[in-house]
Amino acid sequence: QIKQQLEESKLQQEELRLQLMNEREEAEQALENRVSEKVATIEKLKQDRVDLRSQMDQLQNENSLKISELEQEINVVKETNSTLSQDLNHQIQLKNQLQADYAEEKKSHEKTRSDLSSTTNQLTKQNDDLNTRLQNTRDELISSQEQLTELKSQTATLQSTNQTLVQQRSQLKEEVSTLQ
């Protein structure tokens with residue numbers, strides 16, 4: 001009976017050994033499969049990293065190109081802004097000059113207007129003075145004409161008196177001559 005138990009025990013050990021071997025082979029196979037999967041994953045990751053690096057290089061090149069284009073556009077905008085700023089400054093200077101010229105011209109016109117007004121007032125006063133003097137001269141002339149008429153009348157009277165006196169003198173001479 002002990003012999004039989006030993007046989008059974010050996011059989012059980014053999015079965016257990018075979019089972020362990022099978023499990024070990026299965027475990028090794030599973031491990032190999034997992035290792036293969038990991039290697040494949042690593043290779044895929046490596047390839048993905050290469051692809052990503054390539055994409056990054058391409059994006060960097062595109063970005064560099066875009067940056068270069070943007071810098072060119074910025075330079076063009078800066079030049080345009082500079083030109084526009086110069087034009088604006090020139091326009092402001094022109095406007096200021098025109099305003100100054102207008103103010104000076106306005107001042108000159110106002111002075112001219114004032115001078116003309118003053119000259120007009122002076123001429124008006126001179127004209128009034130001349131009119132007054134003309135009226136006075138006219139009055140004086142009328143008075144002189146009246147005096148001249150009076151003098152003519154007096155002269156005529158004097159001439160008549162002189163003739164009478166001359167005649168009287170002649171008569172007196174004749175009388176004196178007769179008396180002598």
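Before reading on, note that the structure itself is shown above.
Attention here is on the structure that accompanies the text. Residue positions within a chain follow its written sequence, with the count starting from 1. Local features in this predicted model are restricted to residues of pLDDT 70 or higher, and side-chain atom pairs are both shown and tallied only at a pLDDT of 80 or more, whereas totals for entire chains, interfaces and linings draw on every residue. Processing note: side-chain calculations cover all non-hydrogen atoms of the structure and skip hydrogens and water entirely.

Moving on, we come to the overall build of the protein. To qualify as a helix, a DSSP run of H or I must reach at least 4 residues; to qualify as a strand, a run of E must reach at least 2; elements of each kind are numbered from the N terminus. For the protein, the count of helices and strands is one helix and zero strands. Each radius of gyration is computed over the set of C-alpha atoms, and the globule rule expresses the reference value as 2.2 Å times the number of residues to the power 0.38. Scaling as 2.2 N^0.38, a compact globule of 180 residues should have a C-alpha radius of gyration of about 16 Å, whereas the protein reaches 74 Å, well beyond that. Partly exposed residues are those whose accessible area sits between 20% and 50% of the maximum for their type, while under 20% is buried and over 50% is exposed, using a 1.4 Å probe and protein chains only. Taken across its 180 residues, the protein has 0% of its residues classed as buried. About 17,200 Å² of surface is accessible on the protein, with carbon and sulfur atoms providing 53% of the total. As used throughout, the charge tally considers Lys and Arg to be positive and Asp and Glu to be negative, leaving His and the chain termini uncounted. Charged groups are reduced to one reference atom each: NZ for lysine, CZ for arginine, CG for aspartic acid, CD for glutamic acid. Here the protein holds 23 positive side-chain charges and 33 negative ones, and the gap between their average locations is 6 Å. For the accessible areas, the method is Shrake-Rupley and the probe is 1.4 Å, while residue cover comes only from the protein chains on display.

All right, on to the pattern of salt bridges then. Between Lys or Arg on one side and Asp or Glu on the other, a salt bridge is scored when a side-chain nitrogen of the former is within 4 Å of a carboxyl oxygen of the latter. Tallied over the entire structure, the rule returns five salt bridges. Note that Arg 24 is salt-bridged to Glu 28, the shortest N-O span being 3.3 Å. Taken together, the residues span about one helical turn, with Arg 24 and Glu 28 both in helix α1 (residues 2-179) at a distance of four residues. A relative accessible area of 56% means that Arg 24 is categorised as exposed. Here Lys 125 makes a salt bridge to Asp 129, at a shortest N to O gap of 3.3 Å. One end of the pair, Lys 125, and the other, Asp 129, are both in helix α1, four residues apart, so they sit about a helical turn from each other.

Once that is clear, we can look at the environment of Leu 94. Considering the arrangement of structural elements, one finds Leu 94 in helix α1. Along the primary structure Leu 94 and Asn 131 are separated by 37 residues, whereas in three dimensions their C-alpha atoms are 53 Å apart.

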